[in-house]
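The chain contents come next:
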Amino acid sequence: MGARIAGRRFLRIAASSLLILAGCGGGPPTTSPSLPSSPPRSAGQTVPAPAPVTTGPAANLGPCAPHHPASLRPLHPGRGDRVVLARSAQRTLAFVANEDDAAIHTIDLDARDEVAVMQLPGSPSALVGLSDGRLVVALRDRNEVLVLEAAANGAGSLEARCRTVVPSEPVGLSAFVAGAGERIVVVSGYGHTLGVLSAKNLAFERTANLSRDPRAVVISGEHAFVSHVVSAELSVVELATGKVDELDVLSGKMAKSIGAARGDLVRGGQAFSLATNEGRLFVPMVTVDPGEPKITTVYGGTESPIKPFVGVVDLVARKPLDLPLPGRSAHSLECLLPRAAAAKGDRLFVTCLGSDTLLELDGRAQNAAELVRRRVRLPGGPLGLALSDRHAIVVSQFDRAVSIVDLDGAAPEPLVVRLSRPRGEVDAVFDRGRRIFHDGFDPRISSDGRACASCHPEGREDGLTWSTPDGPRQTISLAGRLASATPFGWFGEHGTLSNHLAHTVSRLGGQGFAVRDHADLTALATYITRMKAPVITPDPASEELVARGRELFHDAAQGCGDCHAGGGTDRGRHDVGTGGALEARLSFDTPSLLSIAGSAPYFHDGRHASLSDLLAKADDKMGHARHLSADARAAMVAYMESLGPAAVEARPMREFVRPAGAASLPPVATSPMERLVLRQRPPRGVWENVDFDLGALPTVVVESGLQYDEKVAAPQGGVRLDLLVWKSGCAAVPYHAAAQLMLDWRSTGMTRLLERCVSAPDEDGRRHWRDILVQTIDPLPDGRLHVEQRRGFIHVVKRETWFTSSIVADAVPVANGLAFVFRTSCGDCKEGEREALHVVSPSSTFWGDEYFSWKTLRLDEGTADSASRVFNVPNLERWRQVTKVDVQTGGRIGAPRNARLRIDTSRTLSEDTPRVAVGLGTCVESDFRCD
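Residues numbered from 1 in each chain as written. Predicted model: local features only at pLDDT ≥ 70, side-chain atom pairs only at ≥ 80, totals over all residues. Heavy atoms only, no water.

Going by the annotation in an unreviewed UniProt entry, the name recorded for the chain is C-type cytochrome, with Polyangium spumosum given as the source organism.

Right, here's the structure in full:
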């Protein structure tokens, strides 16, 4: 099904050029001239590069100040992304950063057309709109920040005002107003810093050192929250002082691998974006279990080591919500490469690289990544996202397209506007390789949804040490290193990159590349070889230290330069004494040291957390740096961290051409054969939102129960009730539509009248009391469900039952009677158990005598919970008999599981009321999985 395409209109492209002056270091910003607009041209025509205009800024204005009254009003001032939305007169404009072509495209969202292009001297990685209408852009490959202003003609073209140099690889932007002025926040990825600049003159006011690979940044109150690509930690920076605190979104959770003697520390990654809404900070990411440090048959500690996850942080308390890890049954692996995010109310929108989709998630859910409300296909490479009142605007880098998605779902597919591109610069091989590198659904690569980019985000590495068939292996960075890095692999056993790729995908469970796939394998190798390393900004204050480190590094006494001349590799294999019992071999290939500052930890097994640690502890078989003084080693570290490419030259002026033809979306498989041919997995279902008013539910006040000493024979409190009928040593709960009886937690049974009973535990001579739980349900004439739950203790000899707590309620239906719910409040219960939502629903098991399930969800501050059920037809038939409610099964009668219900609760520490998400779905798959 094709996408709706914007009508072909005349295109007015305003090409702007920037004079690239000498670097200004820490001095004042450099001013840049502007260019006039070019006349309108029709689709397919070129736009000549006009000569630069050298007129300076208007009189009596600072270099960064606006030159004329503001003509733009950003819809979300201070929010950074690859796309910024703004109002201009009666139009809504989208300013799109195109990193591939070093340009900013202006899209008229009302006309659904591109109206201007501004050429830049480098690749724009992020944009942010200031409150006065100016735009700020970060140039990733030149380590610069530019301030732009909309031209006075109102045509959507931009003019440059000033620029300044920032630490290496600016990738995140935000802005905030403080006092009488506005500030710009710049996050530098490779430089791992956050800088606060004055919007008036781009002067640095404050910098903060961060953990490695920081990326997205949002401002909340007096703090900046920064995500990291290779961890689950957030850096929280106090803007007034630069003080940095770290928050672990996963709270140090452990996951136990199958057959493992201990748990593995679960790590996080792919946190490229952040989204805020009503006191919550959403962190789309993945959880990763890299496994124990040992030899395994595959990469990772579990059968599916990477799973989608959305962390939640309380912006007021600045604490993460304690959420459970995704379970083994979480099959929604379609968004293992989240890239952009934005929130509107409780709706969280996330773009997914690899599957090229926009997901609408329920932000109230325990793990929003598992509660997909809507799925929209997009052109390839969705990296940017912004929301207007009625639309989501998505930037797809690979296909150079902007998608306009209706938020209300009125149009099932997006309207796509294709971006202009430089004439003659299409590299089909590189483009194909990039798509394969990021494709998580290509069975040739893996069997569990992992793409090349899962371990090598942006061609670098994930900062992890994985269990592998060769032993523990640290992921090595690829970008900028492979052109002269043969042979490949830690053992150097592969003479060509293609052979190494074939070896790697086999260990990921991939089918590999057949002879007919030779062109795709070549394209993948081409892309990997040409990926660019981050540009390094030299620090003038460290020049002498770097020079000294260079001398020490190449000095024969240390011997580092013998294998790493110029920071490269001698392409040899060496036994440097680092192998051990967990290694398949003892000799390792010499890796390149280019861009090594951003690839911790170090060594093949990741044993060294820093370069300083490596030099201080390395065995004498690999250089002799540990005998140097701490100052000398620090100089060597400074030199090693300087190894990398310098800033690129300014991009030349080029001719931008509107592409001919209509944009298209990826095809959708409609049969198993098409899925095989198109290499697509079955389409995932979505959860239909069910209206739910927590405040309207009946609330029952309960008390905490007593604790019994099982070794004391006499009753110790509670109320004696004889609810059971005994026959031949068995107990049953009679006279109810359905009941559940649990004795001593070891024995569980369901009864309907006297159809089934459960034997009481035998006396062992040491204990007198056992736990007992009785739950009953009965339908009421008004459609509600009368439910009772009693907990207590039973004497194993006398069969006396003493109940210490009870719940009696009339639950109300939800999801057309698929569940019944009510609330409880317990003032004397311990923290975390004082408020609860009770969900009574059909049993999800296959046993014929089990009629219902009773799940209690926490509603207290700082808690999150979930009840998820998949029902088969017999379950629902028994539920109808018990509740007298006609539940629609949906799907095929023959499907083993055909109805899904999910209820999630979450509440941060600072929220007055809990948030509840209710989802309903159906499944018509022919197997037992209902994803």
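On we go from here.
### Quick notes on unusual backbone geometry
What is expected of a backbone is that most residues other than glycine have negative phi and most peptide bonds are trans. Residues Ala 600 and Pro 601 are joined by a peptide bond in cis, for which omega reads 5°. By the element assignment, Pro 601 lies in the loop between strand E40 (588–589) and helix H7 (611–617). For Asp 356, which is not glycine, the phi torsion reads 55° and is therefore positive. Residue classification places Asp 356 among the buried positions, given a relative accessible area of 17%. Phi is positive for Tyr 735, which is not a glycine, with a value near 70°. Looking at where Tyr 735 falls in the secondary structure, it is placed in the loop between strand E46 (730–732) and strand E47 (738–743). Looking at Tyr 735, the relative accessible area reads 70%, which means it is exposed. (Helix = DSSP H or I, 4+ residues; strand = E, 2+ residues; numbered from the N terminus. Buried < 20%, exposed > 50% of the residue type's maximum accessible area, 1.4 Å probe, protein only.)

### Focus: the pattern of salt bridges
When the charged atoms of two side chains lie near each other, side chains of opposite charge can form a pair. Here the structure, examined in full by the defined rule, presents 53 salt bridges. In this structure, Glu 413 engages Arg 377 in a salt bridge whose closest nitrogen and oxygen atoms are separated by 2.4 Å. Remark: Arg 377 occurs in strand E31 (residues 372–377) and Glu 413 occurs in the loop between strand E34 (401–406) and strand E35 (415–418); sequence separation between them is 36 residues. Overall, the relative accessible area of 18% leaves Arg 377 in the buried class. The partner of Arg 880 in a salt bridge is Glu 877, with the nearest N and O atoms 2.7 Å apart. One end of the pair is Arg 880 and the other is Glu 877, both in helix H10 (residues 873–883) and three residues apart, which spans about a single turn. (Salt bridge = Lys/Arg side-chain N within 4 Å of Asp/Glu carboxyl O.)

### Looking at empty space enclosed by the protein
All told, the structure shown has eleven cavities of 30 Å³ or more when counted by the stated rule. In this structure, the largest cavity spans a volume of roughly 840 Å³. Those elements that place two or more of their residues in the lining of the largest cavity are helix H2 (452–455), strand E37 (465–468), strand E38 (471–474) and helix H3 (497–507). When residues in the lining of the largest cavity are grouped by element, the largest group, seven residues, is from H3. Among the residues forming the lining of the largest cavity, the class breakdown is 21 nonpolar, eleven polar and six charged. (1 Å grid on protein atoms, 1.4 Å probe; cavity = no way out; pocket = protein on both sides within 12 Å on 5 of 7 lines; lining within 4 Å. Points joined across faces, edges and corners; volume = space filled by probe spheres on them. Nonpolar A, V, L, I, M, F, W, Y, C, P; charged D, E, K, R; others polar.)

### Comments concerning the packing of helix H5 (residues 543–554) against helix H8 (residues 630–641)
Packing of H5 against H8 brings their axes to within 7 Å, and their N-to-C directions diverge by 100°. As far as their axial angle goes, H8 and H5 are roughly perpendicular. In this structure, H5 contributes Leu 545, Val 546, Arg 548, Gly 549, Arg 550, Leu 552, Phe 553 and His 554 to the contact, and H8 contributes Asp 631, Ala 632, Ala 634, Ala 635, Met 636, Ala 638, Tyr 639 and Met 640. Residue composition of the contact of H5 with H8, by class: eleven nonpolar, two polar and three charged. (Axes fitted to C-alpha atoms, helices over the stretch in contact; angles between N-to-C directions. Parallel < 35°, antiparallel > 145°, perpendicular 65-115°, else oblique. Contact = heavy atoms within 4.5 Å.)

### Focus on the state of the cysteines
Applying the stated criterion across every chain yields a total of three disulfides. Covalent S-S linkage joins Cys 64 and Cys 162, the inter-sulfur distance amounting to 2.0 Å. On the sign convention where negative means left-handed, the S-S torsion of about 115° between Cys 64 and Cys 162 marks this disulfide as right-handed. Separated by 98 residues along the polypeptide, Cys 64 in the loop between strand E2 (30–31) and strand E3 (73–74) and Cys 162 in strand E12 (residues 158–165) bring together distant segments of the chain. Across the disulfide, Cys 335 is cross-linked to Cys 352 (sulfur-sulfur distance 2.2 Å). Between Cys 335 and Cys 352 the sulfur-sulfur dihedral comes to about -100°; the bridge is accordingly left-handed. One end of the pair, Cys 335, is in the loop between strand E27 (319–320) and strand E28 (338–344); the other, Cys 352, is in strand E29 (residues 347–352), and 17 residues separate them in sequence. Grouping residues by exposure puts Cys 335 and Cys 352 together as buried. (Disulfide = S-S within 2.5 Å.)

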